[in-house]
Amino acid sequence: MIDSLLQRKIEKRPDQVRLRGRILFLTEDPELIKRQLAGEDLPWDTKNPANNPKLRDDISTDEITPAHYCFYFDETLGEIPYLGLKCGDVMPISRGDVKRGGFVCAVSGKRRGKGSSREQSPYAEMCAGIQVVIAENIERIYKQNCQNLGLLTSTNFSLIDRIRGGEEIALSEFTAGEDEITRQVIEYGGLFPFNVARMQGKVFLPAIEGAGRSARSTRATSPRPMTVAEKIFARHMLNEHGEVGVPSVKPGDTGFARADLRFSHEYVTPMAAIFFERYVGKDAKVNDPASILFFRDHLTFLDEVISEEKKKLGLLDLATQLKFKQQDFAAKQGIKLHGELTDRKGSEGICHSIVLESYALPGQLNIGSDSHTPHVGAIGCVAFGIGTTDVFNSWITKDVRVKVPESVKIIIRGKKHPNVTAKDFILKILSLDYVRSGKALAKVMEYAGEAIEELSVDERATMTNMAAEIGGFTGIVAPDKKAVDFLVERRGMDRAKAEAMIAGLYSDPGAQYAHVIELDAADITPMVATPGDPGNGKYIRELNTPVPVEIAYGGTCTAGKNEDMDMYAAVLADALKRGTRVAESVKFYIQFGSQETREYCLRRGYLEVFQNAGAHVIEPSCGACINAGPGVSTRPDQVVISAQNRNFPGRSGPGQMYLASPFTVAASAVAGYIVEYEPSEKKELVGA
């Protein structure tokens, strides 16, 4: 494999870029978008931005490429971009509109590309003719996916006039402010050609200054106090000789980090496999298949909820092809596949659930094809989501491009109320101005404080998982006795071995943070995120009128863990004791995150409680969270309360989705409207 790549001819892009085509402004006003699609070029005043129409903020990858259309993994995606874009209550863009419009540039506001790590989104834009995207700020994974594919990005709105004028623009305009490696990835037109040039010795890899050598000198750099995440990066970064591990790193250091574990699921594996076979070779072998995992976890129940219209478009058949392509590639490469069950419908488990239960270890660096890969930061490892191109490149090199991020320390002090959970903590954090304004983008979220220390590993995983909704690089909790107990009790690991693993994995006194957020657990009461965005956090007691619900959903990687099941069971057992059950007006779905969690529920007698209380129990899968299983809404006026992680427009059907904790979801299912859970034995404040 390597020999063939060493002989391949690789060239840089031209130094000048000329973009010939139109600019699409993704505005809040749907009529303005429709007029552009009909052929009108919207006036735009780059010198007086206040004169311009309001651009859409927070455009998620769910809106760029709705989940069902990600079953395509070829150029057909060029007909899809922005099909889910919602402006008010209108979705102004139809299939093929962008491609027919002759657009080369798309412009939007803050936090472009938030949410899922799906590389289908920038790939769809490219296939539709878009060559550059401009926004006020851009989410990390989406931006990296753009760079990996060769799609140019910028936050410089003055480029609009130059593109319209047909001017040549220096490529350096798009590399300005980027680190040395990212600059070269852009110059080579993407990650794969860059990596081939890297193998051929054509690219410049800067020495990590924190590693003891400066890029300009050979003087040793003094060791520095590091955060727990920085320590893990230092252990995994490659030095200038290609050896793993450097003495220290600091934010901004760039290089390649050796991954302990690489995983992907059926939404991403097929596209990555096609890239691998096309660019590396059909008979080429991946590097170290034993450290790669595949999962069939996203689309197991799709056939139960996909509409007849989508079936007629062939989307169910396409989804089945994703499954077969992953199976075939896994068998050919000797890669472990956690797949579907053979004796009943369902999967072995959601990738994040299984990786936490069975694979991730303190101090590791793990990468996965999903934005919720930080889930396993709960056990004290650095884990982050990557796109398709990063996945297939990691199969070649076993490493991943990294710019060491800054860290934000989030300290939650004191003791929490008995009806408050990690989900309420994270919804509170998501509602803060610092997060909503995009200041936390691409940073490590390090959770600490007494209230965090009292959380179990399962509950910590809710916090680290939803670092993705913050837009963070990852989330992490320094491993402690709770992590050791988890490894001993859930993995059967020797306690001395587990304790040795966590040695030194803490943030040093004097470690530097970009920002510190401090909260008092006693101030936080049960919360919901109102429809449209996980950042729309409100205390339930602030809802002005009762909110009736038709669907309650408890599950997904975020809320399908053992301790989540404890919460659903506690609420429903309380209801049964009072002689009540799930309200007649509500359908309550409880979905396990893994077979291990299902077995846990069997041992605890929870299945009987769930069924007696009127809940519908579902085998493991991502399901409703990605519009692919029971629990999705079917009408725009339908109200859903869900313990999942995202409520972006259209993500889980057309309804109005509120996010909440497992306690709140179950209590609301029983009441028939959104309520706080009140334990039968109330206490003022308790440990988590």
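None of these values were measured; they are calculated from a predicted model.

Q: I'm lost on the sheet that holds strand β14 (residues 407–413) in this one. Help?
A: Whenever strands of a sheet pair, they do so through backbone hydrogen bonds, lying parallel or antiparallel. The strand order across the open sheet built from four strands is β16-β15-β14-β17, with neighbouring strands paired in parallel fashion. Every other strand in the sheet has two partners, leaving β16 (474–476) and β17 (515–520) as the edge strands with one partner each. Strand-to-strand twist across the sheet, computed as the mean angle between neighbouring axes with direction ignored, equals 20°. Note: β14 against β17, six bridges, orientation parallel. Residue Arg 413 lies in a different strand from β17, and its bridge partner there is Asp 520. Here helix α17 (residues 422–430) sits on the sheet in contact with β14, β15 (444–448) and β17, set at roughly 130° to β14.

Q: How should I be thinking about the nonpolar core in this particular structure?
A: The nonpolar side chains of a soluble globular protein tend to be buried, and buried together. The biggest cluster of nonpolar side chains holds 103 residues, and the ones touching the most others in it are Phe 384 and Trp 395. For Phe 384, the contacting residues outside a window of four places in its chain are Arg 140, Phe 233, Leu 365, Asn 366, Ile 367, Gly 368, Thr 373, Pro 374, Val 400, Val 402, Phe 473 and Thr 474. In this structure, Ala 569, Phe 610, Val 639 and Ala 643 belong to the second largest nonpolar core, which totals 42 residues.

Q: It is not clear to me how the sheet that holds strand β4 (residues 132–134) should be interpreted in this structure. Could you clarify?
A: On the basis of which strands lie adjacent, the open sheet formed by four strands has the order β2-β3-β4-β5 and parallel pairing. Each edge of the sheet is formed by a strand with only one pairing partner; in this case those strands are β2 (22–25) and β5 (152–154). Taking the axes of each pair of neighbouring strands and ignoring which way they run, one obtains an average angle of 20° across the sheet. In this structure, β2 lies alongside strand β3 (residues 103–107), joined through four bridges in parallel fashion. Each residue of the ladder has a partner; that of Arg 22, found in β3, is Phe 103.

Q: I'm lost on the packing of aromatic side chains in this one. Help?
A: Each aromatic ring pair is summarised here by two numbers: the centre-to-centre distance and the angle between the ring planes. For the structure on display, the rule yields 21 aromatic pairs. On the basis of an interplanar angle of 80° and a centroid distance of 6.0 Å, the ring pair of Phe 276 and Phe 329 is categorised as edge-to-face. Pair noted here: Phe 276 is in helix α12 (residues 269–279) and Phe 329 is in helix α14 (residues 315–333), with a separation of 53 residues, a long-range link. Both residues of the pair, Phe 276 and Phe 329, belong to the buried class. Within the aromatic cluster, the residues linked to one another by ring pairs are Tyr 123, Phe 192, Phe 275, Tyr 279 and Phe 392. When the ring centre of Phe 473 is taken as reference, the NZ or CZ atom of Arg 140 above it lies at 4.3 Å. Its guanidinium or amino end placed over the ring of Tyr 506, Lys 231 lies 3.9 Å from that ring's centre, counting from NZ or CZ.

Q: Quick question: what am I supposed to make of the confidence of the model for the protein here?
A: Segments scoring low in pLDDT should not have their predicted coordinates read at a detailed level. On average, residues of the protein score 94 in pLDDT, and 97% of them reach the 70 mark or higher. Here residues 211–221 is a poorly scored stretch, pLDDT under 50, and it has 16 contacts once near neighbours within four places are set aside; other chains count. Predicted confidence for residues 683–688 stays below pLDDT 50, and this span has 18 contacts to residues more than four positions away or in other chains.

Q: For this particular structure, what's the right way to read the pattern of salt bridges?
A: The final tally for this structure, using the stated rule, is 51 salt bridges. Residue Arg 100 pairs with Asp 97 through a salt bridge whose shortest N-O separation is 2.8 Å. Pair noted here: Arg 100 and Asp 97 are both in helix α4 (residues 97–100), with a separation of three residues, about one helical turn. It is possible to trace a salt-bridge network through shared partners that takes in Asp 343, Arg 344, Arg 598, Glu 599 and Glu 619.

Q: Just to check I follow, could you spell out the state of the cysteines for this structure?
A: What we call a disulfide is simply a covalent bond connecting the sulfur atoms of a pair of cysteines. Enumeration according to the criterion identifies zero disulfides in this entry. A disulfide-free cysteine, Cys 105 has its sulfur positioned 12 Å from the sulfur of Cys 146, the nearest such atom. Just so you know, Cys 622 is unpaired, no disulfide at all, and the nearest cysteine sulfur is the one on Cys 351, 6.0 Å from it. Given the relative accessible area of 10%, Cys 622 is considered buried.

Q: Looking at this structure, how should I read the pairing of β14?
A: Regular strands place side chains that alternate from one sheet face to the opposite one. Burial analysis of β14 places five of its seven residues in the buried class, the great majority of the element. As defined by bridge partners, β14 adjoins β15 across five bridges and the pair is classed as parallel. Within β15, the position partnered with Ile 411 by the bridge is Ala 448.

Reading the values: the criteria
Residues numbered from 1 in each chain as written. Predicted model: local features only at pLDDT ≥ 70, side-chain atom pairs only at ≥ 80, totals over all residues. Heavy atoms only, no water. Pairing = 2+ DSSP bridges. Helix = DSSP H or I, 4+ residues; strand = E, 2+ residues; numbered from the N terminus. Axes fitted to C-alpha atoms, helices over the stretch in contact; angles between N-to-C directions. Contact = heavy atoms within 4.5 Å. Core = buried A, V, L, I, M, F, W, Y, C linked by side-chain atoms within 4.5 Å. Buried < 20%, exposed > 50% of the residue type's maximum accessible area, 1.4 Å probe, protein only. Phe/Tyr/Trp six-rings, centres within 6.5 Å; stacked < 30°, edge-to-face > 60°. Lys NZ or Arg CZ within 6 Å of the ring centre and 35° of its normal. pLDDT = per-residue confidence, 0-100. Salt bridge = Lys/Arg side-chain N within 4 Å of Asp/Glu carboxyl O. Disulfide = S-S within 2.5 Å.

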